[in-house]
Structure formats: C-alpha cells, structure tokens
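Fold and contact review
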Amino acid sequence: MHVKLWGTRGSLATPDAEMARYGGNTACVEVRGAGGTVLVLDAGTGIRPLGNTLRHVQPRLDVLLTHLHMDHIQGLGFFAPIFNPNMEIHVWGPASTTLNLQARITRYLSPPLFPIRLNELPCTIILHEVPCAEFDIGEFHIQTMLVCHPGPTVGYRITENYPHGPTLTFLPDHEPALGLKRFPISPEWTSGYALAARADLLIHDTQYTHEQYTAGHIGWGHCSLRDAFKFAALAGVKQFATFHYDPSHNDATVDQMIAAAIEAEKPAFLVTPGREGQLFTL
Amino acid sequence: MFPKEIEVILARHLASCLAMPIFIVDDKGNLVFYNEPAELILGRRFEEAGEVMIDEWTSIIQISDEKGEAVPYGERPLVIALNERRPTFQQIWITAFDHVPRFIAITTFPLIGQADRFLGAMAIFWEVGGRNP
C-alpha cells in the first residue's frame, strides 16, 4: 500500500512561504494498492494537484470523505477526473440526520458557491453514505465509524488484502479527549479506538498544542499533539503521521510543537511529521 | 469488548459533566453507565457496579408507583423508552442497590443516532418530595 499526502493543512488553505514545507493545501491523501486501486481520502485543496496525475489513468476512482466541512470538500470541484465523461467516481461520505449525502454535497456544488451543479458534471458520480457495513473496493477492505467531531464525521480504517495486509487509519479531524477529566480512558469508551487499533499507520489530527487546546479550543473538534500521541499509544499503532495543522502555525512552529510533544509523551511508535508530498509504503 | 457508538460515548461524557442524575442503557437494555449524582440515588458507585445486564439491574432496582404498587415490567420508564422508542415522564418510588426507598421524578428517552440507528436509552431523574407509601 502506498500512501501519499497531498494536503496536510487544517481548516483553511495557507499558501504562505513559511508554511510551504509542511504544506498549505487542505486535507487530501492518495492511497494506492498493489492491484492498482486508487482511493482518495478527503477532497481538500490537495485533491487538485492529485487530480492532475489521475486524469487519464483510472476508469473508476473512489473519494472517501470524512465529513463535509469546507476544508475537506473544497477541492472537489477542481478535481480534474470529474470533468472526464469516461470516469466513474464513487463518493463516500456521511449524511446528516435530516439531509442525505447528495443534498449535502449539492449545497457546495451549486450556485452561488460553485457555478456547476453536481448533476451537470461530465463524469458519472455515484454516492454512497457512510457509516455503513464494512465494504471492499478492489484490494482494500474498509471500515467506517462515526467519531468525535462537530457534525456527522467518520474515520476510515483501510486494510489491503484483508485481514493480513497493512492497515491505514485516517482520522484527520478528531477530538477523542472531549469532555474527559483525564485522557486516555478505556479503549471501549474512546472515540475512534476500534478504527485505529494496531494500525500500521495512523494519520491523525494534530492541530493544537496542549496549551492552545485547553485555553479556548475544547469542543472545536480537534486534538492536541499530546492527546493525539496518547490516543495512538492506547491504540497500539506502529507509525503516526501528524496532520491537519492549524492555519496559524508556520513550519517552525509545527517543528517545535512536534518536538515538544515527543519530549513530553516519549511515544513508543514512530512519529513522522506529515508533509505535503510525503510518501509512505506499508 | 465492543466499542461503543460515538453517540453513546458522547452521552456518557455529557452525563459525566452534569449535576443531574443520569442512567444510560444500550440497545439491549444493559446498563452501561450512570453518573456520580445518580450514584447518590442508586446507592452504589458505578465503578463498583460496573456494566450490568438488563435482567440483573431490573431485578435489583425495584419500582413502584405513587401508591406503592409495583410497576409492571413493560410500564417501567426505561423499558418503555427501549421497547416503544418514545419518551416518558413518571413519578415513582425506587429502591436500588442500598435498598433505601426514594421518590423520584424520571424522564426517559430513546437514543437514536445518525441514520436512525437505535442505540439505547437514557434516564434523567431527581429525588423529589414524597411520603413513604
């Protein structure tokens, strides 16, 4: 399984020079299997450069959305394959309690926010609502669960050649410590645990420092680096990639945050700072 | 061990932060959590009681109406929320782990999550003035 980060920024794209090393594009990850299946995780602005590499190669692509906040869908209208009439694009994402997935996506892919409507796109779009029963796409086996983040939000656990192949867990927006006096608690009562348990690679929200989180950002749906490391330790992951950087954090700040969190938590797993363009092979 | 659904996790977290007594059961009616204010009425700490199967807790917690008549199983407030998936309000006598009768007002409601998934039920209750039947 090859995993490439095309967008690592959270909340808002940041085309600032001092943020270029970690990257300014919002959430998007490419997952490519040995059999050639391509999954796209979230459709932030990072999906635009990814799409340019997929323009002619695949008859089918699957875009797995964790949720429909703008930083996770804004690139969808600029994903080159959607303008290819020979392409079949499957979009997976959560409905809300009152709106189905089509109605929710149409809120963005329609005027006044976007000039072209969903049903006017040249490609064939097929929508699937998650969470749902476990499903397979090519050589990938996929599990979904709702996780702690404002509004319907899922995480994905993706295993190649299930059950023995490598596993990637994607939790880009996640606040597992919400409402807790101490964290972590038992796995059974921890948001996202079942998705992340013993994963080979966990890509996880690391938006805040501990001080930022506790001083005004509790309930915003994101995680401090220290809580993210505690969550990863609880889940027993092998490797951790930092992700979803706050748009006010430049490269030097992210470097300091990661170093301080490693010093505080001393994780037993490998920590890889997630950078735009970073490639993992599992 | 089965992971709890996020709505149930958040319900527990909310209950842990509130000063009203709260009792949560899963979709099968098994007790999965009650908070510290509820411990004062039920007479045992949750850490001591732990998760309890429905048959066990419904036999431990005795319920009677304002006149002291036993409430039939199917008319117990949490059983109605579970079986009929509707909210209830009742004033009842309960005796729980410490065998002390207490008169409470109780509101119960089903927990229905995203995509209409039935997840269990929750009870919020208060001890109110009442003369021993």
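Here's what I pulled together on the structure shown here. It should be emphasised that the depicted structure is a prediction, and the values quoted were computed from it without experimental measurement.

So, the sheet that holds strand β2 (residues 28-32) of chain A
Residues and elements named next belong to chain A. Taken in spatial order, the 7 strands of this open sheet run β6-β5-β4-β3-β2-β1-β14, and their pairing is mixed. Because the sheet does not close on itself, it has two edges, and the strands there are β6 (124-130) and β14 (279-281). This sheet shows a mean twist of 20° between the axes of neighbouring strands, independent of strand direction. Here β2 pairs with strand β3 (residues 38-41) via 4 bridges, running antiparallel. Considered in β3, the bridge of Glu30 is made with Val40. Sheet strands in contact with helix α3 (residues 101-108) are β5 (88-94) and β6, and its direction is about 105° off that of β5.

Thoughts on the pairing of β5 of chain A
Residue and element names in this part refer to chain A. Counting buried residues in β5 gives 6 out of 7 residues, a clear majority hidden from the surface. Alignment of strand β4 (residues 60-64) against β5, held across 5 bridges, turns out to be parallel. Bridged to Arg60 within β5 is Glu88. Sheet analysis places β5 next to β6, joined by 7 bridges and oriented parallel.

Brief notes about unusual backbone geometry
The residue after Pro111 of chain A, namely Pro112 of chain A, is reached through a cis peptide bond having omega 5°. Secondary-structure assignment places Pro112 of chain A in the loop between α3 and β6. Following Val130 of chain A, the chain continues into Pro131 of chain A via a peptide bond in cis, with omega recorded as 5°. For Pro131 of chain A, the location among the structural elements is in the loop between β6 and β7 (135-137). Phi angles above zero are rare outside glycine, and Arg198 of chain A is one such case at about 60°. Position of Arg198 of chain A relative to the elements: it lies in the loop between α4 (193-196) and β11 (201-205). Residue class for Arg198 of chain A comes out exposed when judged on its relative accessible area of 57%. Positive phi, close to 65°, is recorded for His99 of chain B, a residue that is not glycine. Along the chain, His99 of chain B falls in the loop between β4 (88-95) and β5 (102-112).

Topic: the sheet that holds β5 of chain B
All names here are of chain B. With respect to topology, 6 strands assemble into an open sheet ordered β2-β1-β6-β5-β4-β3, the strand pairing being antiparallel. Only two strands of the sheet have a single neighbouring strand rather than two, namely β2 (31-34) and β3 (62-64). In this sheet, adjacent strand axes meet at a mean angle of 35° when their direction is disregarded. Across 9 bridges, β5 lies against strand β6 (residues 118-127) in antiparallel orientation. The residue bridging Pro110 from the neighbouring strand is Ala121, located in β6. Across the sheet, helix α1 (residues 6-17) lies against β1 (22-26), β2 and β6, angled at about 30° from β2, the strand it touches most.

Some points on the nonpolar core
With 70 residues, the main nonpolar core has Ile158 and Ile203 of chain A together with Phe23 of chain B as its most contacted residues. Residue contributions to this core peak at 7 residues, all from β6 of chain B. If sequence neighbours within four positions are ignored, Ile203 of chain A has contacts with Val3, Leu5, Val29, Leu168, Thr169, Phe170, Leu171, Pro172, Ala241 and Phe243 of chain A. Listed in part, the 30 residues of the second largest apolar core include Tyr22, Met145, Ala197 and Ala235 of chain A.

About the cut-offs
Residues numbered from 1 in each chain as written. Chains lettered and ligands numbered in written order. Predicted model: local features only at pLDDT ≥ 70, side-chain atom pairs only at ≥ 80, totals over all residues. Heavy atoms only, no water. Pairing = 2+ DSSP bridges. Helix = DSSP H or I, 4+ residues; strand = E, 2+ residues; numbered from the N terminus. Axes fitted to C-alpha atoms, helices over the stretch in contact; angles between N-to-C directions. Contact = heavy atoms within 4.5 Å. Buried < 20%, exposed > 50% of the residue type's maximum accessible area, 1.4 Å probe, protein only. Core = buried A, V, L, I, M, F, W, Y, C linked by side-chain atoms within 4.5 Å.

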